[in-house]
Amino acid sequence: MTLHDETTPPDAAAPAHPVSGGADAGSHLDRVVGNPASRVFPDRDDARADPWSIDLERIQFSPYFSRLSAVTQVVSPSISGAPVHNRLTHTLKVSAIARVVALQLNTSSRRSGEGDVCNATVVEAAAYAHDLGHPPFGHLGESTLNRLAREELGLPDGFEGNAQTYRILASLDVVENAPRGLNLTAAVRAASAKYPWAPSVAAADIERVGPPRGIRRSPDGAYRVHKYSAYDLDLADLDDARQGVDAEPLRQSIEGAVMDLADDIAYSVHDVDDFYRAGILDHAPIAAEFRGWLDDVLEWRDRDDAEVRAELAPGAGLERLRRKMRRDDPWIADDEAFLAAVSDVDAEMVTDLLARPFDGSLTAERRLAAFTDRWIRRFQESARLRPLDTPRAGPVVLSPWAWHHVEVLKFVHKRFVLSRPDLAIQQRGMSRILARSVRALGEWLDDDLDRARTPRRLRELIALAREQYAQLPAERRPSDAEAERLSRSRGIVDYVASLTDSQAFALSEAISGRADRLWALGQRL
């Protein structure tokens, strides 16, 4: 559906606020379906400006947003020795790309005689919000907290950065006009959900449309949900938001699809920028990989899967990528488009850019800027609306040409940066920092003699989770004892996930008895 114009308040005939509910748990979520400007709680700020700009402002002024400047994107600047993106600079670029794509889609729609297809301010707000839930130390922190949450803290829905983002927007962050959360409009909340379901999504619901990205069918026939945008505690809020925009089951809103696409574009291009500057992208092995595949394209295609999986020769990684793309996304994967993408990346990135090491000169800066600007512009211009004819795609997609090129660029990052042993060594140390903090906080909460001195914020987060478990529907509500255990676990995860990289390190050191500047530490944590 088309949202109201971003500068025009919603139609006065459509109620902008929910009707206040009674004492029944969750009654504040009873809403008029199809009102994207609706909020969970009445909000007097809607009288002063259009609701989309209010939401954008709230996200930009959130302390969770400021925190992103001190959270790793892939590697810390102290490790690479060169300026690299953090979560905040990545977010700013995603927002810029997303807004341009949204405006381009609207311009194209107007030229064909139609109205706007998406709201650029809602897209921008979702882009600013999309990484709020990422924990310290990048994706390594996410996987570590998920393992700890499931295996040691007993949380069945674990930890997921996208779900934590939604939890911050709906429950953890604060605004004057609401008892919890930022009280954002349904449109912005729905757009912030890349994977609009919880881990508890029913198999029957998946069967109706087919498994989307983020859900896979296991060999035993069961579905494995490895990406999701809501924990069970926040699912009612997400369902309410999606009713407000009339979202299709298990499908992103148009604004959410634009945000997701922009994230992919930024990630695929600026990682090349970062690691070329830092001298981490070594030309020789990358060139060998690309030439090893391009020189024997037909031979690679003829080899059986088991042989390719075991192969270590240059070119095998790209061939495994080609097969994965065909297996996972047959609706768009194409061998000729993949060949063109590998050839283009080889010519423009491997041969033209990486063959000349970055030396910090203005000439090198200009060459790198030309590369990044050219590729981002190509990807932005390729975005288009798509019918909901496959569960693997949202309502806005890249062209087949651009999609293959993005996948090949992401392959370079995964294969030649994330797989490096030196990065793995450092990441294992970061993993131990998080594990030490989670375990120590749990032990502290178990200490009857010293529990009262745990950080007040931690106790407040546990109390919030306890309140939310009590409000779950009867069929999903745990027993009192189980709810207390789950609340404690969720509170610990919420607490640790909200730290910056340096705060996580400081907490780990302090809780191990090795802290410097002890008195200042208490104010930070």
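Here the residue numbers are simple positions, counted from 1 along each chain's written sequence. The predicted origin of the model limits local features to residues at a pLDDT of at least 70 and limits the giving and counting of side-chain atom pairs to 80 or more, whereas totals for whole chains, interfaces and linings rest on all residues. As a rule here, side-chain values come from all non-hydrogen atoms in the structure, and water together with hydrogens is ignored.

## Concerning the overall build of the chain
Here is step 1: Across its full length, the chain carries 23 helices and four strands.
Here is step 2: The criterion used for residue contact is that any of the two residues' heavy atoms lie within 4.5 Å. For the chain, long-range pairs separated by at least 24 residues make up 72% of all intrachain contacts whose partners lie at least 6 apart in sequence.
Here is step 3: Per-residue and other accessible areas were derived by the Shrake-Rupley procedure at a 1.4 Å probe size, with only the shown protein chains allowed to occlude residues. In the form shown here, the chain has an accessible surface area of approximately 22,900 Å², with 52% of it arising from carbon and sulfur atoms. Under the DSSP-based scheme used, a helix requires at least four consecutive residues in state H or I and a strand at least two consecutive residues in state E, with every element numbered from the N terminus.

## Comments concerning the packing of helix 1 (residues 51-60) against helix 5 (residues 120-129)
Here is step 1: Here helix 1 crosses helix 5 at 15°, and the two axes come no closer than 9 Å. By the criterion of interaxial angle, the relationship of helix 1 to helix 5 is roughly parallel. Considering how the two elements wind past one another, helix 1 and helix 5 form a crossing that is left-handed. Between helix 1, through W52, S53, L56, I59 and Q60, and helix 5, the contact on the second element is made entirely by T121, V122, E124, A125, Y128 and A129.
Here is step 2: Note that Gly is not counted as nonpolar here; it falls among the polar residues with everything else outside the nonpolar set of Ala, Val, Leu, Ile, Met, Phe, Trp, Tyr, Cys and Pro and the charged set of Asp, Glu, Lys and Arg. By residue class, the composition of the contact of helix 1 with helix 5 is seven nonpolar, three polar and one charged. Angles here are taken between N-to-C directions and fall from 0 to 180 degrees, while the axes themselves are lines fitted to C-alpha atoms, restricted in helices to the stretch in contact. Angle categories: roughly parallel below 35 degrees, roughly antiparallel above 145, roughly perpendicular from 65 to 115, and oblique for all the rest. Should the near helix be turned counterclockwise from the far one by less than a right angle, the crossing is left-handed, whereas a clockwise turn marks it as right-handed.

## Description of the packing of aromatic side chains
Here is step 1: Each Phe, Tyr or Trp ring (for Trp, its six-membered ring) is paired with any other whose centre lies within 6.5 Å, and the angle between the two planes then decides the class: stacked below 30 degrees, edge-to-face above 60, tilted in between. Applying the stated criterion to the full structure yields nine aromatic pairs.
Here is step 2: Taken together, a centroid distance of 5.7 Å and an interplanar angle of 70° make the contact between Y276 and F358 edge-to-face. With Y276 in helix 11 (residues 254-277) and F358 in the loop between helix 16 (335-354) and helix 17 (362-382), this pair connects stretches of sequence that are 82 residues apart.
Here is step 3: For the ring pair W293 and F338, a centre distance of 5.2 Å and an interplane angle of 90° mean the geometry is edge-to-face. On the criterion of sequence distance, the pair formed by W293 in helix 12 (residues 283-294) and F338 in helix 16 is long-range, its members being 45 residues apart.
Here is step 4: For the exposure calls, accessible area comes from a 1.4 Å probe over protein chains only, and a residue counts as buried if that area is under 20% of its type's maximum, exposed if over 50%, partly exposed in between. A residue is classified by how much of its surface remains accessible, and W293, at 0% relative accessible area, is buried.
Here is step 5: On the accessibility criterion, F338 (1% relative accessible area) is buried.

## Overview of unusual backbone geometry
Here is step 1: The backbone of F137 sits at a positive phi, close to 70°, despite the residue not being glycine.
Here is step 2: Position of F137 relative to the elements: it lies in the loop between helix 5 and helix 6 (138-151).
Here is step 3: A relative accessible area of 7% means that F137 is categorised as buried.

## With respect to the confidence of the model for the chain
Here is step 1: As a per-residue quantity, pLDDT reports the predictor's confidence and falls between 0 and 100. For the chain, the mean per-residue pLDDT works out to 89, and 90% of the residues sit at or above 70.
Here is step 2: Overall, residues 1-32 carries pLDDT values under 50, and its contacts beyond four positions in sequence, including any with other chains, amount to 66 contacts.

## Examining the environment of D260
Here is step 1: Within the fold, D260 resides in helix 11.
Here is step 2: In sequence terms D260 and S192 are 68 residues apart; their C-alpha atoms lie 9.0 Å from each other.
Here is step 3: When near neighbours in sequence (up to four residues on either side) are disregarded, D260 contacts K194, R213 and Q252.

## Quick notes on the side chain of T390
Here is step 1: Among the secondary structure elements, T390 is positioned in the loop between strand 3 (384-385) and strand 4 (396-397).
Here is step 2: Judged by relative accessible area, which is 9%, T390 ranks as buried.
Here is step 3: In this structure T390 touches R251 and W331, once residues within four positions along its chain are discounted.

## Describing the environment of E142
Here is step 1: With respect to the secondary-structure elements, E142 resides in helix 6.
Here is step 2: By relative accessible area, which is 8% here, E142 ends up buried.
Here is step 3: Sequence spacing of E142 and G161 is 19 residues, and the spatial spacing of their C-alpha atoms is 6.3 Å.

## Points about the nonpolar core
Here is step 1: If you look at the biggest cluster of nonpolar residues, it comprises 145 residues, and the most contacted ones within it are I59, L132, L281, I286, F290 and M349.
Here is step 2: It is helix 11 that contributes the most residues to this core, 12 residues altogether. In this text, buried Ala, Val, Leu, Ile, Met, Phe, Trp, Tyr and Cys residues form a nonpolar core when linked through side-chain atoms within 4.5 Å.

## Observations concerning the packing of helix 12 against helix 18 (residues 400-418)
Here is step 1: Axis separation between helix 12 and helix 18 bottoms out at 12 Å; the angle between their running directions is 130°. In this view, helix 12 runs oblique relative to helix 18, as classed from their interaxial angle. The hand of the helix 12/helix 18 crossing is right-handed. For the pair helix 12 and helix 18, contact is made by P285, I286, E289 and F290 and by V408, F411, V412 and F416, respectively.
Here is step 2: Here the residues of the contact of helix 12 with helix 18 are counted per class, giving seven nonpolar, no polar and one charged.

## Some remarks on helix 17
For an α-helix the count is 3.6 residues per turn, leaving residues at separations of three or four pointing the same way.
Here is step 1: Between its first and last C-alpha atoms helix 17 spans 30 Å; for 21 residues at 1.5 Å apiece the expected length is 30 Å, and the two agree.
Here is step 2: Looking at helix 17, one finds that the buried residues are A364, R367, L368, F371, T372, W375, F379, Q380 and S382.
Here is step 3: Elements in contact with the buried residues of helix 17: helix 4 (87-111), helix 11, helix 16, strand 3, strand 4 and helix 18. For a helix, the expected span equals 1.5 Å multiplied by the number of residues minus one.

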